[in-house]
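Spelled out from the first residue to the last, the chains are:
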Amino acid sequence: MDRRAIALLLLSMVFVIVIVASVFTFSAMGTNFTNILGLNPTATPLPTPTPTPTPVPPTPTPTPSPTPNPDTPPTVDAQAVYLMDMDSGRVLDNVNGAARLPMASTTKIMTALVAMQDSNLDQIVTVNQAAYNRVHVDGGSSAELVIGDRLTLRALLYGALIPSGADAAVAIADDVGGSVNGFVSRMNYLAVRLHLSNTHFTNVDGLTTAASGHYTSAADFTHLARYAMTYPLFAQIVQQQTYTIPPTLYHHAYSWQNTNTLLTAYPGMIGIKTGYTDEAGWCLVFAAVHNGHRLIGTVLHSSGSAQRDQDVAGLLDWAFAFEVRHGF
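On a predicted model such as this, the values are computed, not experimentally measured, just so you know. (Residues numbered from 1 in each chain as written. Predicted model: local features only at pLDDT ≥ 70, side-chain atom pairs only at ≥ 80, totals over all residues. Heavy atoms only, no water.)

A. A look at the overall build of the chain. Along its length, the chain carries eleven helices and nine strands. For the chain, the proportion of its 328 residues judged to be buried stands at 43%. Put simply, of all contacts in the chain between residues at least 6 apart along the chain, 63% involve residues at least 24 apart. Counting only carbon and sulfur atoms, one obtains 60% of the accessible surface of the chain, whose full area is about 17,300 Å². (Helix = DSSP H or I, 4+ residues; strand = E, 2+ residues; numbered from the N terminus. Buried < 20%, exposed > 50% of the residue type's maximum accessible area, 1.4 Å probe, protein only. Contact = heavy atoms within 4.5 Å. Areas by Shrake-Rupley, 256 points an atom, 1.4 Å probe, with all protein chains shown as cover.)

What follows is the structure, encoded as structure tokens:
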């Protein structure tokens, strides 16, 4: 009995070993176990699982900028703008055109116009102390006039409009009007005659203080300049880049450079007058010609001279193209 029991026990153990060996040999568990024990050197390693990619959000399509309307005037830095066709009077741009603003040395447009209307252009004017003081005491712009020099009224008009001489303007006013105040009264009278309802003068050169009551509008001064350009001498003076007067027994030599740099920088520019004070900012009354089209306008209170000139050039480019496009 003992031998039979032992034999059955051994047979049972062999049977269990065979079954277990089969499971380890032909199953993943067995493969992993033999790999761990290093008993299956040729076994193929299990593949590393591929990570699922994080989805990338789509790039938004940019909204296209609206196409600018070619009939809309360009935006400018100036507080007031007025632009018109010089021949037809058609208004092309008007931004705060009726606003009352100081106009600095563009004032001398009216000073010159009154002098041309009321006087003999060849009359002799003596440069006095008041003219000198207006520059050297009050800080006005200068034609560098010398006290005691005797020049024609015509020459002093060049001195007032080209280098923007406050000394020339005061010399003109004292001689033609009997006094500066008397001449200013004539300026205001002409403003009324021309229906410049937003214009008032207190001096002849535009050198003002905040409470001076010296003002115009961009619309008024454009209409004034349009009228002034009908005077051949005025139109001739304001388009001169330089002007020289040789010395004589009665006066020194003078050489003046126009303060309007657009006369050389913008093709077709024919005037008219610059201006600047702290109160008025940078101002320009301008006129230009291109392919038979004549434009005239005013910008008041720009933030700088370069910005002013850039804005005026842009306005003119736009307006000339506008007139051609619409067959004006």
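B. Expanded view of the pattern of salt bridges. Under the counting rule described, the total for this entry stands at seven salt bridges. Across the pair aspartate 122 and arginine 154 runs a salt bridge whose closest N-O atoms are separated by 3.3 Å. Separated by 32 residues along the polypeptide, aspartate 122 in the loop between helix 3 (108–118) and strand 3 (124–126) and arginine 154 in helix 5 (residues 153–161) bring together distant segments of the chain. The exposure class assigned to aspartate 122 is partly exposed, which follows from its relative accessible area of 47%. By relative accessible area, arginine 154 is classed as partly exposed at 30%. Measuring nitrogen to oxygen at the nearest pair gives 3.2 Å for the salt bridge that ties aspartate 138 to arginine 134. Classification of aspartate 138 by relative accessible area gives partly exposed; the value is 43%. A residue is classified by how much of its surface remains accessible, and arginine 134, at 16% relative accessible area, is buried. Residues participating in the shared-partner salt-bridge network are Arg134, Asp138 and Asp205. (Salt bridge = Lys/Arg side-chain N within 4 Å of Asp/Glu carboxyl O.)

C. Expanded view of the packing of aromatic side chains. Summed over the entire model, instances satisfying the criterion amount to eight aromatic pairs. An aromatic cluster is present here, built from Tyr158, Tyr243, Tyr254 and Trp256 joined pairwise through their rings. (Phe/Tyr/Trp six-rings, centres within 6.5 Å; stacked < 30°, edge-to-face > 60°.)

D. Layout of the packing of helix 4 (residues 129–136) against helix 6 (residues 166–177). Put simply, helix 4 and helix 6 touch, their axes get as near as 8 Å, and they point 150° apart. Between helix 4 and helix 6, the angle falls in the class roughly antiparallel. The chirality of how helix 4 crosses helix 6 is right-handed. In this structure, helix 4 uses Ala130, Ala131, Arg134 and Val135 to contact helix 6, whose residues at the interface are Ala166, Asp167, Val170, Ala171 and Asp174. For the contact of helix 4 with helix 6, a count of residues per class yields six nonpolar, no polar and three charged. (Axes fitted to C-alpha atoms, helices over the stretch in contact; angles between N-to-C directions. Parallel < 35°, antiparallel > 145°, perpendicular 65-115°, else oblique. Left-handed = near helix turned anticlockwise from the far one by under 90°. Nonpolar A, V, L, I, M, F, W, Y, C, P; charged D, E, K, R; others polar.)

E. Structural view of the environment of isoleucine 296. Position of isoleucine 296 among the secondary structure elements: in strand 9 (residues 293–302). On the accessibility criterion, isoleucine 296 (0% relative accessible area) is buried. In sequence terms isoleucine 296 and valine 91 are 205 residues apart; their C-alpha atoms lie 9.8 Å from each other. When residues no more than four places from it in sequence are discounted, the contact partners of isoleucine 296 are Tyr82, Leu83, Met84, Met86, Thr222, Ala225, Arg226, Met229, Ile272, Phe286 and Ala287.

F. Seen up close, the layout of surface pockets. Computed from the structure, the largest pocket encloses a volume of approximately 160 Å³. Lining the largest pocket we find 13 residues, and of these Thr259, Thr274, Gly275, Tyr276 and Trp282 sit closest to its centre. Contributing elements (two or more residues each) for the lining of the largest pocket: strand 7 (269–277) and helix 11 (305–325). Taken together, the residues of the lining of the largest pocket sort by class into three nonpolar, eight polar and two charged. (1 Å grid on protein atoms, 1.4 Å probe; cavity = no way out; pocket = protein on both sides within 12 Å on 5 of 7 lines; lining within 4 Å. Points joined across faces, edges and corners; volume = space filled by probe spheres on them.)

On their own, these measurements won't tell you what the molecule is for.
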